[in-house]
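Here is what each chain is made of, one letter per residue.
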Amino acid sequence: MTQDTIVSSWNDFDPLKHVIVGRADHCCVPPSEPAVDDKVPVDSKMKGMWGPRPLETVEAANEQLDGFAKLLESRGVRVDRPSPIQWNQSVQTPDFQTSSMFGCMPPRDVLLTVGKEILSAPMSFRCRYFEYLAYWPLMEQYFREDPTFRWEQAPRPRLTDESYRPNYGMGKHAMTIEERLEKVAAKEFVTTEVEPMFDAADVMRMGKDLFVQHGLTTNRTAMEWLQRHFHDHRVHAVNFPGDPYPIHIDATFVPLRPGLCINNPHRKMPEEQRKIFAKNDWEIVDAAMPAHDNPPPLCYSSTWLSMNCLVLDHNTVCVEASEVHQMEQMDKLGMEVIPVPLRDAYAFGGGIHCCTADVYREGSCEDYFPVQVPGTQIRPVE
Ligand code: ABU
């Protein structure tokens, strides 16, 4: 064994040394299935559409992803890339069938790095069931090169029809935004609780504490699983009632350095859940407004990818280059801001944070929340 690789990352802000950056090759708009149907906004042009994305958009996205990878390398960060497979092929398991897969632009959705472990998440989209295969060559390499790396896989979900509420959002009429917000406030989502389902991007890592968003892509059973699996951590359930399509915490609540987070002003963390931050002297600042009124064409994500940034260390952050308001705010918050053109890649699965996954950040597992407050923890720690 050679020690070329160190796998270790406990948070999103310590100095970044090694990262995976996704690729857009062969990416598809997936066909209709319960979890996807609920994520695509009712007025989206993507409704009813599926298949490979136009080649010129793939090329434009890859150009920006390659540029981002080069930029990170120029800042001394080692960058690895996934091995895309042909996503435009049907998938069948004993429990379900779907006619195409998705892609590997957003490694953050599937790979959860906690300390020496990288875990493939049990995602609720059937089209994403085999996405971990794009990262298999890297995991295998890290396993050979770092003798302490823990290569993990959460229980593979079955994703039968029992995993989803029937006709969620599809009653006599498509759910309005107001009805959707009511369901979100009641924490009633398309997924049921028959098995753990989560996207890694719903987990905000803060040393000893993991804050997990309950939403369309992550259920309560997953949080219980995460607490049992990471038994030395404290797992907290958080939710953001202002978001009609709540998936992934990284366009909603984003840590910039120890003691400072930005929160989407349209998706405020409820007062009860903010208490733990206040008691431990964390400041929560409203994020700046996005620079754009709409996401780019054929994009699943909201305009709030504006705040989906990659922190390189406590003083340095990568922000999408057209997001002038977010860049200005980060600057005022004392960060060196690196503008990164990435908007052409948004449609392929997200922004600057989404298209990366941590392999190694310096630092160790700190306790940033020594004062625990009842209300968010899955299981109070003695
Ligand atoms: N993957 C992050 C998407 C979040 C949003 O659409 O706001």
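Conventions we followed
- One numbering rule holds for all chains: residues counted from 1, following each sequence as written.
- The predicted origin of the model limits local features to residues at a pLDDT of at least 70 and limits the giving and counting of side-chain atom pairs to 80 or more, whereas totals for whole chains, interfaces and linings rest on all residues.
- Hydrogens and water are ignored here; the side-chain numbers use all heavy atoms of the structure.
- Pairs of strands are assigned from DSSP output, requiring at least two bridges between the strands.
- Each helix corresponds to a stretch of at least 4 residues labelled H or I by DSSP, and each strand to a stretch of at least 2 residues labelled E; elements are numbered beginning at the N terminus.
- Structural elements are reduced to axes, namely lines fitted to C-alpha atoms, with helices fitted over the stretch in contact, and the angle between N-to-C directions of any two is expressed from 0 to 180 degrees.
- Only heavy atoms matter for contacts: two residues are in contact if any of them lie within 4.5 Å across the pair.
- Stacked, tilted and edge-to-face are the three classes applied to pairs of Phe, Tyr and Trp rings, where Trp contributes its six-membered ring and a pair requires centres within 6.5 Å; stacked means planes under 30 degrees apart, edge-to-face means over 60, and tilted covers the rest.
- Between buried and exposed lies partly exposed: a residue is buried under 20% and exposed over 50% of the maximum accessible area for its type, with that area taken using a 1.4 Å probe on protein chains only.

> Any chance you could explain the sheet that holds strand β8 (residues 117-120) here in plain terms?
Hydrogen bonds between backbone atoms are what pair the strands of a sheet, whose relative direction is either parallel or antiparallel. Strand order in the open sheet made by the 3 strands is β7-β8-β9, with mixed pairing throughout. Each having just a single partner strand, β7 (111-114) and β9 (150-153) make up the two edges of the open sheet. Neighbour-to-neighbour, the strand axes of the sheet open up by a mean angle of 20 degrees, direction not taken into account. Pairing between β7 and β8: 4 bridges, direction antiparallel. If you follow Thr113 over to β8, its bridge partner there is Ile118. Against the sheet, helix α4 (residues 136-145) touches β7, β8 and β9, its axis set at about 145 degrees to β9.

> Would you take a moment to explain the packing of aromatic side chains for this structure?
The relation between two aromatic rings is expressed through the spacing of the ring centres and the mutual angle of the planes. The final tally for this structure, using the stated rule, is 18 aromatic pairs. A centroid spacing of 6.0 Å and a plane angle of 65 degrees characterise the contact between Tyr132 and Trp136, whose relative ring orientation is edge-to-face. Taking relative accessible area as the criterion, Tyr132 reaches 17% and is therefore assigned buried. Overall, Trp136 belongs to the partly exposed group, its relative accessible area being 42%. Here the aromatic rings of Trp282 and Phe369 are separated by 5.2 Å at their centres, their planes lie at 15 degrees, and the arrangement is stacked. Of the two residues, Trp282 sits in the loop between α7 (271-279) and β15 (283-286) while Phe369 sits in the segment after β19 (356-361), which places them 87 residues apart along the sequence. Exposure remark for Trp282: the relative accessible area of 7% places this residue in the buried category.

> Whenever I open this one, the side chain of Arg267 confuses me. Can you help?
Inspection of the secondary structure assignment puts Arg267 in the loop between β14 (260-263) and α7. Those residues in contact with Arg267 that sit more than four places away from it in its chain are Phe240, Gly242, Asp243, Ala251, Thr252, Ser302 and Trp304.

> Which parts of the structure should I look at to understand the sheet that holds β14?
Reading across the sheet, the 3 strands line up as β13-β14-β15 and stay open at both edges, with mixed pairing between neighbours. On the outer flanks of this sheet lie β13 (253-257) and β15, each paired with one strand and no other. Across the sheet, the axes of successive neighbouring strands diverge by a mean angle of 30 degrees, strand direction being ignored. Both β14 and β15 contribute to a ladder of 4 bridges, which runs parallel. Its bridge partner lying in β15, Asn263 is registered against Asp286.

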